[in-house]
Amino acid sequence: MADRDTSIRPIARTVTQRLRLARVWRWLIHVGMLAIVAGVSYIILLPLLTKVSASWMTEGDLYDAAVRWIPRSPTVENYQTVWRLMNYPRALVNSLGLALCASALQVAACTLTAYGLARFNFRGKGLLFTLVIFTLMVPPQVLMTPLYLNFRYFNMLGILRKPINLVNTPYPLLFMSLTGTGLRNGLFIYILRQFFRGLPTELEEAAYVDGAGLFRTFYAIMLRQVTPALVVTFLFAFVWQWNESFYTSLLMPQLELMPNALLSIAARYAESQKLASATVGPATVTPLMLSILDGAGMVLYVVPLLVLFALMQRHFVESVERTGLVG
Amino acid sequence: MRPTNRLRLSLQQKRDIGGYVFVLPFTIGFVLFFLYPFIQSIMFSLSEVKLVQGGFELVYKGLDNYSYVFLKHGTFVRDLVETVLATLKSVPLILVFSFFAACLLNQKFRGRGVARAIFFLPVIMSAGAVLQLEQVNYMMELAMAQAAGGTAGVGEILVPFMQSLRLPKFFIDYILYAIAEVAGVIRASGIQILIFLAGLQSVPASLYEAADVEGATGWERFWMITFPLVSPLILTNMVYTVIDSFTGSTNTVLTLVRTTILTGAGFGASAAMAWVYFATIGAMLAVMMAIVSKRVFYQR
């Protein structure tokens, strides 16, 4: 008996020691984790911070080695210049309108397709779904040339006698959105289909029993159930549409849209300088000045997206599991 | 008798027709804006495309465009190989990092919501036009060089250590590459992190509880429960990453495809390039999927 008494104590001591050690260990892991998160966040935010800080500087500030983040003589001149060069208000309104229309149409078309693929058993369903996935794998560049030429000489597959030029109009984009073949629409169809598949069949059956037709059931019952997924796909469609520069530069190069405006800052600036130099004297465009302007332009470009993101952050980040993308 | 007969017959048919109506918009779009250009693109790659009054016409040239692209074009083959190699190198890094980041963001700590938002930011910000511009932006290069300067120091410390461990040279090189590419990898991982995070959250808590009762360590819990259950998503993410890097707007081959139209070689050569490129991606994806899908664990 006495033996056991003495043997318990050291064990108890080591247990408390171990617990303490475990606590220290856990604390260390926690600190390490926070350090890593902070480091990664820094790398992600660095480009944005650099641009924001430089966009308030004069060119002289950038050459000054003592100036790092905070400009010595803050100026809004860069923003004024870029605002003018980008024709910002015009580009903003155009881009907003186009992106809103296109993403609304895309979500509508993708929802219909996804519902058809998820809840019906018609012949050729499997094939159609395979094709949806296939559209995702083909880089748009494969389709680029024919698409461009078809829209340049648009004749509705030979119906129109005289082809019309749809390049530099928003119609090609709107057509493609309306039919769910826009940018990454296959992904939206996939997400929404997963979501529809997860709904119980009783919902539809109850609606049918109550006398609702197929379409009434769809928009009055089923659509309500997938609102979160609709929000997510809409947000993604909007962001991707906003950033999209490939189709924009291919099919709408002359329209006043944000990507076009952003990418043409350098050329427009050089031109304005050339005009100025004709009257005032020779002026040179330095790469540093250009990158300040580009930086200011990029800030103006992402601000609407950041506002949207700040408002809808929860929907972006926390809803992927609910959209049924996984599993 | 007739009405009931009609009703009974048409119930399934009605549903089928309904289904067709729902997928009709996409089907039309698929034929007009995907299948038709897709086939045209094959034809373009086998022809010379001539712009004529009010349209264009094709002159069949066989495999001329392909032989031009492979044999005569100065940079295409080199660019293609470089793109494929770069993708092969970066995909494992992106997968490992995004898995790691997802595990981090799945832990409980203060400011987790903010951290998740920040990790997701690149999806919104470094895409399309912004990314295109950053490639040529002088100031961005400076800033990135500064950031890389810090990490290069880490590399220098690590090299003697790794050499003393007698690690193979390609491995050391790869680690150095990883350190140099840290920023790019992090910025290409947004969606992948999200997908892994969703996967981690869908692992049933009961499994962890059972493991705790059995006295499993954190290490064992990770390798026996978390990793196998999330592993199917490795395949998903791999496919996503490969497609993402191959269709990205700053890709050199794709830029070449676009600029070739403007140079003398014309539409046919551009289409041929696009097809060679597409075939390469397809082959690569098929091989990768064949390798990975066998090692992935499926619950059902």
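Residues numbered from 1 in each chain as written. Chains lettered and ligands numbered in written order. Predicted model: local features only at pLDDT ≥ 70, side-chain atom pairs only at ≥ 80, totals over all residues. Heavy atoms only, no water.

**Details of the overall build of chain B**
Check the secondary structure of chain B and you find 13 helices and two strands. Among the 300 residues that make up chain B, the fraction classed as buried is 45%. Contacts in chain B between residues far apart in sequence, at least 24 positions, make up 68% of those at least 6 positions apart. As displayed, chain B offers around 16,000 Å² of accessible surface, 67% of which is attributable to carbon and sulfur atoms. (Helix = DSSP H or I, 4+ residues; strand = E, 2+ residues; numbered from the N terminus. Buried < 20%, exposed > 50% of the residue type's maximum accessible area, 1.4 Å probe, protein only. Contact = heavy atoms within 4.5 Å. Areas by Shrake-Rupley, 256 points an atom, 1.4 Å probe, with all protein chains shown as cover.)

**Some details on the overall build of chain A**
Along its length, chain A carries 15 helices and zero strands. When each of the 327 residues of chain A is scored for burial, the buried share is 46%. For chain A, the accessible surface area stands at approximately 16,700 Å², while carbon and sulfur atoms represent 64% of it.

**A closer look at the packing of aromatic side chains**
Under the definition given, this model contains 39 aromatic pairs over all chains. Seen from their ring centres, Tyr-115 of chain A and Phe-22 of chain B are 4.9 Å apart, and the 75 degrees between their planes marks the pair as edge-to-face. With one member in each of two chains, Tyr-115 of chain A in helix H4 (residues 88-119) and Phe-22 of chain B in helix H1 (residues 2-45) form a pair that bridges those chains. Given a relative accessible area of 0%, Tyr-115 of chain A falls into the buried group. Under the relative-accessibility criterion, Phe-22 of chain B is labelled buried at 1%. A centroid spacing of 6.1 Å and a plane angle of 90 degrees characterise the contact between Phe-236 of chain A and Phe-120 of chain B, whose relative ring orientation is edge-to-face. (Phe/Tyr/Trp six-rings, centres within 6.5 Å; stacked < 30°, edge-to-face > 60°.)

**With respect to the confidence of the model for chain A**
For chain A, the average pLDDT comes to 82, and 89% of its residues sit at 70 or higher. The element-level mean pLDDT for chain A is lowest in helix H2 (residues 59-63) of chain A, coming to 72, with H4 of chain A highest at 93. (pLDDT = per-residue confidence, 0-100.)

**Considering the interface of chain A and chain B**
Listed by partner, the interface residues are 91 residues for chain A and 90 residues for chain B. Summed over both sides, the interface of chain A with chain B buries roughly 8,100 Å², with 80% coming from carbon and sulfur. Summed over the three residues of chain A that lose the most area to chain B, namely Ile-44, Gln-141 and Val-142 of chain A, the buried surface amounts to 7% of that side. In this assembly, chain A and chain B are joined by one salt bridge. Among the ionic pairs, Asp-244 of chain B bridges to Arg-184 of chain A, the shortest N-O distance being 3.8 Å. The interface formed by chain A and chain B contains five residue pairs in polar contact (both at pLDDT 80 or more). With 16 residues, the top contributor of residues to the side of chain A that touches chain B is helix H1 (residues 2-55) of chain A. (Buried area = accessible area lost by both parts, 1.4 Å probe. Salt bridge = Lys/Arg side-chain N within 4 Å of Asp/Glu carboxyl O. Polar contact = N/O pair within 3.5 Å; in protein donor to acceptor, adjacent residues only side chain to side chain.)

**Points about the pattern of salt bridges**
All chains considered together, the criterion is met by three salt bridges over all chains. A salt bridge links Arg-119 of chain A to Glu-204 of chain A, with the nearest nitrogen and oxygen atoms 3.0 Å apart. On the criterion of sequence distance, the pair formed by Arg-119 of chain A in helix H4 and Glu-204 of chain A in helix H9 (residues 201-209) is long-range, its members being 85 residues apart. Comparing Arg-119 of chain A with Glu-204 of chain A, the two get one shared label, buried. Across the pair Asp-212 of chain B and Arg-221 of chain B runs a salt bridge whose closest N-O atoms are separated by 3.2 Å.

**A word on the environment of Val-93 of chain A**
Structurally, Val-93 of chain A is set in helix H4. Separated by 165 residues in the primary sequence, Val-93 of chain A and Met-258 of chain A place their C-alpha atoms 9.2 Å from one another.

**Let's talk about unusual backbone geometry**
Glycine aside, negative phi is the norm for most residues, and most peptide bonds take the trans geometry. Residue and element names in this part refer to chain A. Positive phi values are uncommon outside glycine, yet Asn-87 reaches one of about 55 degrees. Take Asn-87: its relative accessible area is 30%, and that puts it in the partly exposed class. Although it is not a glycine, Asn-168 sits at a positive phi angle of roughly 70 degrees. Looking at where Asn-168 falls in the secondary structure, it is placed in the loop between helix H6 (140-152) and helix H7 (171-178).

**Remarks on the packing of helix H8 (residues 185-197) of chain A against helix H11 (residues 227-243) of chain A**
Angle between the axes and distance between the axes are the two parameters that describe a pair of packed helices. All names here are of chain A. Where H8 contacts H11, the two axes come as close as 10 Å, and the packing angle between them is 170 degrees. Between H8 and H11, the angle falls in the class roughly antiparallel. For the pair formed by H8 and H11, the contact residues are Leu-187, Phe-188, Leu-192 and Phe-195 on the first element and Ala-229, Leu-230, Thr-233, Phe-236, Ala-237 and Trp-240 on the second. Of the residues belonging to the contact of H8 with H11, the class tally is nine nonpolar, one polar and no charged. (Axes fitted to C-alpha atoms, helices over the stretch in contact; angles between N-to-C directions. Parallel < 35°, antiparallel > 145°, perpendicular 65-115°, else oblique. Nonpolar A, V, L, I, M, F, W, Y, C, P; charged D, E, K, R; others polar.)

**Focus on helix H5 (residues 125-137) of chain A**
All names here are of chain A. Taking 1.5 Å as the rise per residue, H5 with 13 residues should run 18 Å; its terminal C-alpha atoms sit 19 Å apart, in good agreement. Every buried residue belonging to H5 is among Leu-128, Phe-129, Val-132 and Thr-135, and all of these are buried. End-on, the buried residues of H5 take up no more than an arc of 110 degrees, which puts them together on one face. (Expected span 1.5 Å × (residues − 1). Arc of directions from axis to C-beta.)

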